[in-house]
Structure formats: structure tokens, C-alpha cells
Amino acid sequence: MAKQLEIYKCEVCGNIVEVLHGGDGELVCCGQPMKLMTENTVDASKEKHVPVIEKTADGYLVKVGAVAHPMEAKHWIEWIELVADGKAYRQFLNPGDTPEATFCVKAEKVYAREYCNIHGLWKKD
């Protein structure tokens, strides 16, 4: 059973989906069940993957890692997401971009997630 805001990946073609409305069915791609992605919260290197959330005058700035994550053609952050009071906001990134995103939203409760094309999904409350 898929739940709202869970993220699944096809291990055959690489499609990634985020659930907008949970249901009882199984998510399938390329004839196989999609894999529920687990949000990593502890980085072995302690500096490059866990999102860093900073409150700003206009909302929130999310940086990837205490030390900026590489943004190379073969290794980069594909997207950063801020979930603010239950609403999801996402910024897509490309190699060469700065691994951060600004979200101009007011919220009481936030958490951030980001997806590294090599090391997967990361979260910070």
C-alpha cells in the first residue's frame, strides 16, 4: 500500500515517482514492483548528503550538505524538496548548478529531502 509523499524507484529503467494519493495497489514499472526508497538521515562522510535547512526572512534555504555536494555530470543532486506544513515544494537541479534551493513559504513544520543520482534519497527534519 503506497502512502502519500512516499518515493518509489523502478530498478529496471530508473523512473522515480512520488505518491500524490495513497492506495491499496502495488506500484509497478517495467513489469516489476517499484522499490520504496528509504530516506537516509546519517551521512557516513558527515557532510555531503544530509540537507541543511536555514530559516530566512522569506522562507527557507535548503543546502545539500554542510560541505557543498559535487554537481558533476556523473554525480549530482537531481532535486531538492521542502515539505512545509504538509505541502511539497520541489526544485530540480542540473550538473553545474549550486546544490541548494530557496523556498519562499511560511510554515511552522518543515523537513527537506534531496535525491543524489548515485547515493539516493536523504532527509532532514
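Residues numbered from 1 in each chain as written. Predicted model: local features only at pLDDT ≥ 70, side-chain atom pairs only at ≥ 80, totals over all residues. Heavy atoms only, no water.

On to the overall build of the protein chain. Helix and strand counts for the protein chain stand at 0 helices and 12 strands. For the protein chain, the sequential pattern of α-helices and β-strands runs β-β-β-β-β-β-β-β-β-β-β-β. Here the protein chain has a C-alpha radius of gyration of 15 Å; the compact-globule value for 125 residues is 14 Å, and the two agree. In terms of overall dimensions, the protein chain has a C-alpha envelope of 45 × 35 × 25 Å along the principal axes. Relative to its full complement of 125 residues, the protein chain shows a buried share of 39%. Relative to all contacts within the protein chain whose residues are 6 or more apart in sequence, the contacts with residues 24 or more apart total 47%. For the protein chain, the exposed area adds up to about 7,500 Å²; of that, 50% sits on carbon and sulfur atoms. (Helix = DSSP H or I, 4+ residues; strand = E, 2+ residues; numbered from the N terminus. Rg over C-alpha atoms; globule rule 2.2 N^0.38 Å. Buried < 20%, exposed > 50% of the residue type's maximum accessible area, 1.4 Å probe, protein only. Contact = heavy atoms within 4.5 Å. Areas by Shrake-Rupley, 256 points an atom, 1.4 Å probe, with all protein chains shown as cover.)

Attention now moves to the sheet that holds strand β7 (residues 60–64). Strands sit in the order β6-β7-β10 across an open sheet of 3 strands; the sheet is antiparallel. Each end of this open sheet is capped by a strand with a single partner; those strands are β6 (51–55) and β10 (100–103). Each neighbouring strand pair of the sheet contributes to a mean axis angle of 15°, computed without reference to strand direction. Relative to β10, β7 is paired through 4 bridges, and the arrangement is antiparallel. (Pairing = 2+ DSSP bridges. Axes fitted to C-alpha atoms, helices over the stretch in contact; angles between N-to-C directions.)

Residue position: Glu114 is located in strand β11 (residues 110–116). Here Cys116 takes part through its backbone nitrogen, which lies 3.3 Å from a polar atom of the side chain of Glu114. Setting aside its immediate chain neighbours within four residues, Glu114 contacts His49, Pro51, Val64, Ile77, Trp79, Ile80, Gly120, Leu121 and Trp122. (Polar contact = N/O pair within 3.5 Å; in protein donor to acceptor, adjacent residues only side chain to side chain.)

Our next topic: the packing of aromatic side chains. Applying the stated rule across the entire model yields 1 aromatic pair. Each ring, one from Trp79 and one from Tyr115, has its centre 5.9 Å from the other, and the planes form 15°; the classification is stacked. Taken together, the positions of Trp79 in strand β8 (residues 77–84) and Tyr115 in strand β11 put the pair 36 residues apart, joining distant regions of the chain. Judged by its relative accessible area of 7%, Trp79 is buried. Stacked on the ring of Tyr60, the Lys or Arg Lys55 has its end atom at 4.9 Å from the ring centre. The ring of Tyr111 has Lys123 lying over it, and the distance from NZ or CZ to the ring centre is 4.4 Å. (Phe/Tyr/Trp six-rings, centres within 6.5 Å; stacked < 30°, edge-to-face > 60°. Lys NZ or Arg CZ within 6 Å of the ring centre and 35° of its normal.)

In spatial order, the strands read β9-β8-β11-β12; together these 4 strands make up an open sheet with antiparallel pairing. Looking at strand neighbours, the two that pair on one side only are β9 (87–92) and β12 (120–124), the edges of this open sheet. Each neighbouring strand pair of the sheet contributes to a mean axis angle of 20°, computed without reference to strand direction. In this sheet, β12 lies alongside β11 in antiparallel orientation, the contact comprising 5 bridges.

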